[in-house]
Amino acid sequence: MVKKGVAIIGYGSVGRFHHSSHIINSCFMDLIGIYDIDLEKQEKIKSKNIYAYKSIEELLADSKVEIVIVAIPNHLHKSVSIKCMESGKNVICEKPVALNCEELEEMIECSKKNNVLFTVHQNRRFDPDFLAVKKVLDEGIIDSVFDIESRYHGSRGIADDWRSFKCYGGGMLYDWGIHLVDQILQLKKEDIVEINCYMESITGKEVDDGFNLNIIFADNTKAIIEVETSNFIQLPRFYVRGQNGTMVIDDFKSDVKITRCNVWNEVNVTPIKTPTGVTRTMTPRDENTTSSFIMKLPSSNVDEFYINFCNAIDGKEELIVSHGEMKRALKVLQIARQSANKQRIYPEDYYELNEEYNLDKKSYQKLKK
């Protein structure tokens, strides 16, 4: 593969510690230069022996640049991405790709009009903990899964940079929520029939610093997505229940714990005593009726995202993150905000959410009832 010339717009934490480091060590991409509006950051770029563009215009005029990575505050994603695509550059935009679906439609239309590739950087699809859950579901290690709980808990409050301001598109729903929603939508392809969300602001004044989002799918599977920044004792990263077993991943680096039910009925269950009574229903299972084991987290390589984008430019692959998937995930966030703000959610909202997955008119009429 001939190396693709890449430029980055934005030298914040993601541009600096993620994108630039991956591209510098890449055998399929060549980091041509970086632009940041901050003069101090321009000096930091130069100190790394990387070319620092003086303006976006200079970057876009550079014929060596084939791909532009947009890693700047959320409210600027649309305007800067469109400017790059109108200059004939292929664009990888940081998440969330836009503030709403209307903005995203403009960006997608611009990519089509200028015949360039456009996608969003959903790098969390390569998280080993997520891939472990996907493996368990895909291989039927736990059958008939009906509940998936996905959480990230922290205790430092919301970041005190632009992410804590509404005008910049801040808040944890759009920061971490888009990652976890995208993961769930990779696990569940069924139509979504209900979304409920509660957002809280404990440390943040303008935006949410935590949320609890419930998604119900057409097969009655429930997904709970929760991000909190004021939790000093964390709940598990993943907790998944199926009819024949349960799996848990404590945090992003923990092995997977799985317990499967081998025999449903247990003979002569003796009730256990609680401080104020007895219970048979909550009696722990006989060890003969279940089996438990540990599964290692699968290996992962986030460079696959960049490789896919380069191959897609050459017409060898389809984009890993499609436009339809981008629109669906962003629409979930929009409906979640409607729910949290006590705004009415119309059947048409769910129709738009599911149309990328061919929700037919019969299903739509059922929703309207």
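Note: the structure precedes this text.
Rules and cut-offs
Residues numbered from 1 in each chain as written. Predicted model: local features only at pLDDT ≥ 70, side-chain atom pairs only at ≥ 80, totals over all residues. Heavy atoms only, no water. 1 Å grid on protein atoms, 1.4 Å probe; cavity = no way out; pocket = protein on both sides within 12 Å on 5 of 7 lines; lining within 4 Å. Points joined across faces, edges and corners; volume = space filled by probe spheres on them. Helix = DSSP H or I, 4+ residues; strand = E, 2+ residues; numbered from the N terminus. Nonpolar A, V, L, I, M, F, W, Y, C, P; charged D, E, K, R; others polar. Pairing = 2+ DSSP bridges. Axes fitted to C-alpha atoms, helices over the stretch in contact; angles between N-to-C directions. Buried < 20%, exposed > 50% of the residue type's maximum accessible area, 1.4 Å probe, protein only.

Colleague: Even after reading the chapter, I still don't get empty space enclosed by the protein, so can you show me in this structure?
Modeller: The rolling of a water-molecule-sized probe over the atoms marks out the regions of remaining empty space. With the rule as written, the count across this model stands at two cavities of 30 Å³ or more. Here the largest cavity is characterised by a volume of approximately 50 Å³. Tallying contributions element by element places helix α9 (residues 323–340) first for the lining of the largest cavity, with four residues. Taken together, the residues of the lining of the largest cavity break down into eight nonpolar, one polar and two charged.

Colleague: Can you help me understand the sheet that holds strand β5 (residues 118–120) in this one?
Modeller: Working definition: the strands of a sheet are paired by backbone hydrogen bonds and lie parallel or antiparallel to each other. One open sheet holds the five strands; their spatial order is β2-β1-β3-β4-β5, and the pairing between them is parallel. Both edges of this open sheet fall to β2 (29–35) and β5, since each of them pairs with a single strand only. In this sheet, adjacent strand axes meet at a mean angle of 20° when their direction is disregarded. In this structure, strand β3 (residues 67–70) lies alongside strand β4 (residues 90–93), joined through four bridges in parallel fashion. Residue V68 lies in a different strand from β4, and its bridge partner there is V91.

Colleague: Help me understand unusual backbone geometry, please; the structure alone is not making it clear to me.
Modeller: A negative phi angle characterises most non-glycine residues, just as the trans form characterises most peptide bonds. Cis geometry is adopted by the peptide bond preceding P96, which originates at K95 and carries an omega value of -15°. Counting through the fold element by element, P96 comes out in the loop between β4 and α5 (101–113). If you check the backbone angles, N49 has positive phi at about 60° while not being a glycine. With a phi angle near 55°, N115 is a residue other than glycine that sits in the positive phi range. Assessed through its relative accessible area of 71%, N115 is described here as exposed.

Function-wise, these values are silent; they only describe arrangement.
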